[in-house]
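# Reading the structure
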Amino acid sequence: MFVLTIDQRGSRRDIDRVGDLIAELGDHRLVRPFQRTAGDEMQAVVADPATVVALALDLVGREHWSIGIGAGAVEEPLPDETRAGRGPAFELARVAVERAKSAPGRVAVEGSDTDLSADADTALTLVAVLLTRRTDEGREAVAQMRRGLTQTEAAKSLGISKQAVSQRLATAGWQVETAGRRLAERLLQKADS
């Protein structure tokens, strides 16, 4: 099982973004939904590593969050309230979010298998850093691909040539990101086994 602990960066100098984010993330496949645990922090329980990766990288792209992921056991049955959950995954997520606050990609993974969780952490960090260095043009091109468009359709939507879309995707590291996401998912799956 995975516990995500998300902390708003710079919350003392910014508006409270937690409530809006909880509302936006409600449509993901979660075992227990995101819930505010402290002033500028929230937590969710997730079973699927692909969902963990998607959520973590979505939050990295939003630039206001530190993301801690704990991989491990949770006490069952889980209570209805996310914030009432207990177990190693909750404790590991707390350690991870503290480390994420100063990590290069603002994401960190902790698990009971330290080698596997370190590998998952590295994979997610590499993809996160790639995302944070992407240009606006690269983000636009990648967003079109995420919608399921072909490069030709993306070019038409963006009002540029297919070659320009291809170049933007290459510069943005689209293929590397896709492979990195799959790698992070597999490593998280193993870290949770």
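## Focus: the environment of Gln-144
Relative to the assigned elements, Gln-144 resides in helix α5 (residues 136-146). In this structure, Gln-144 is in contact with Leu-149, Ala-154, Ser-157 and Leu-158, ignoring residues within four places of it in sequence. A distance of 3.2 Å separates a polar atom in the side chain of Gln-144 from a polar atom in the side chain of Ser-157.

## Here's the deal with the sheet that holds strand β2 (residues 32-38)
Spatial strand order, β2-β3-β1-β4-β5: 5 strands in an open sheet with mixed pairing. If you trace the sheet from one side to the other, it starts and ends with β2 and β5 (107-111), each paired once. Sheet twist, expressed as the mean angle between neighbouring strand axes with direction ignored, is 20°. Across 5 bridges, strand β4 (residues 65-71) lies against β5 in parallel orientation. Residue pairing for β5: Gly-70 is matched across the bridge by Glu-110. Strands in contact with helix α4 (residues 114-132) are β4 and β5; relative to β5, the strand with the most contacts, it is inclined by about 170°.

## Describing the pairing of β4
Taking burial as the measure, the 7 residues of β4 include 7 buried ones, the bulk of the element. Here β4 shows a buried face lined by Trp-65, Ile-67, Ile-69 and Ala-71 and a second buried face lined by Ser-66, Gly-68 and Gly-70. The pairing of strand β1 (residues 2-8) with β4 spans 7 bridges and is antiparallel. Considered in β4, the bridge of Phe-2 is made with Ala-71. What joins β4 to β5 is helix α3 (residues 88-100), and the crossover it makes is left-handed.

## What to know about the packing of helix α2 (residues 49-62) against α4
Running from N to C, α2 and α4 point in directions that differ by 35°, and their axes come no closer than 9 Å. Crossing geometry of α2 relative to α4 is assigned as right-handed. Facing α2, whose interface residues are Val-53, Leu-57 and Val-60, α4 presents Leu-124, Val-127, Ala-128, Leu-131 and Thr-132. Tallied by class, the residues present in the contact of α2 with α4 amount to 7 nonpolar, 1 polar and no charged.

## Brief notes about the nonpolar core
By size, the foremost hydrophobic cluster in this structure holds 33 residues, and its most contacted members are Ile-67, Ile-69 and Leu-124. Secondary-structure elements contributing two or more residues to this core are β1, α1 (18-24), β3 (41-46), α2, β4, β5, α4 and α8 (174-192). With 7 residues, α2 is the single largest residue contributor to this core. Beyond its immediate sequence surroundings of up to four residues, Leu-124 is in contact with Val-53, Leu-57, Ile-69, Val-107, Val-109, Ala-184 and Leu-188. Ranked by size, the runner-up nonpolar core spans 9 residues in total, among them Ala-141, Val-142, Ala-172 and Trp-174.

## Quick look at the side chain of Arg-32
Structurally, the position occupied by Arg-32 is in strand β2. This buried residue, Arg-32, is left without a salt bridge; Asp-80 holds the nearest opposite charge, at 4.5 Å. Side-chain polar atoms of Arg-32 contact the backbone oxygen of Leu-78, separated by 3.1 Å. Engagement of the side chain of Arg-32 in a polar contact is seen with the backbone oxygen of Pro-79, the distance being 2.7 Å. Residue contacts for Arg-32: discarding those within four places in its chain leaves Ala-44, Val-45, Leu-78, Pro-79, Asp-80 and Thr-82.

## Some points on the pairing of β5
Most of β5 sits inside the fold, with 5 of its 5 residues counted as buried. Along β5, one buried face is formed by Val-107, Val-109 and Gly-111 and the opposite face, lined by Ala-108 and Glu-110, is buried too.

## Some words on unusual backbone geometry
The amide bond that connects Glu-76 to the next residue, Pro-77, takes the cis arrangement and shows omega of 0°. Position of Pro-77 among the secondary structure elements: in the loop between β4 and α3. If you check the backbone angles, Glu-63 has positive phi at about 70° while not being a glycine. Inspection of the secondary structure assignment puts Glu-63 in the loop between α2 and β4. Positive phi, close to 60°, is recorded for Arg-106, a residue that is not glycine. What makes Arg-106 buried here is its relative accessible area of 12%.

Basis of the calculations
For every chain, the first residue of the written sequence is number 1, and numbering continues from 1 onward in sequence order. With pLDDT at 70 or above as the cut-off, local features in this predicted model cover only qualifying residues; side-chain atom pairs require 80 or more to be listed or tallied, and sums for whole chains, interfaces and linings still use all residues. The side-chain quantities take in all heavy atoms of the structure and omit both hydrogens and water. Helix and strand definitions here come from DSSP, where helices need a minimum of 4 consecutive H or I residues and strands a minimum of 2 consecutive E residues; each element is numbered from the N-terminal end. By definition, residues are in contact when any of their heavy atoms lie within 4.5 Å. By the criterion applied in these results, polar contacts are pairs of N or O atoms within 3.5 Å in which, for protein atoms, one can donate a hydrogen and the other can accept it, and in which residues neighboring in sequence qualify only through two side-chain atoms. Here a strand pair is declared whenever DSSP counts at least two bridges between the two strands. Each axis is a line fitted through C-alpha atoms, and for a helix only the stretch in contact is used; angles between axes span 0 to 180 degrees, taken between their N-to-C directions. Burial classes follow relative accessibility: with a 1.4 Å probe on protein chains only, a residue under 20% of its type's maximum area counts as buried, one over 50% as exposed, and anything between as partly exposed. The handedness of a crossover follows from its direction of travel: if, with the strands pointing away from the viewer, the path from the first strand over the helix to the second runs clockwise, the crossover is right-handed. A crossing counts as left-handed when the near helix is turned anticlockwise from the far one by less than a right angle, and as right-handed when that turn is clockwise. Basically, the charged four are Asp, Glu, Lys and Arg, the nonpolar ten are Ala, Val, Leu, Ile, Met, Phe, Trp, Tyr, Cys and Pro, and anything else, Gly included, counts as polar. For this analysis, a nonpolar core means a set of buried residues of the types Ala, Val, Leu, Ile, Met, Phe, Trp, Tyr and Cys, connected via side-chain atoms within 4.5 Å. In this tally, Lys and Arg are treated as positive and Asp and Glu as negative; His is ignored, and so are the chain termini. The term salt bridge refers to a side-chain nitrogen of Lys or Arg lying within 4 Å of a carboxyl oxygen of Asp or Glu.

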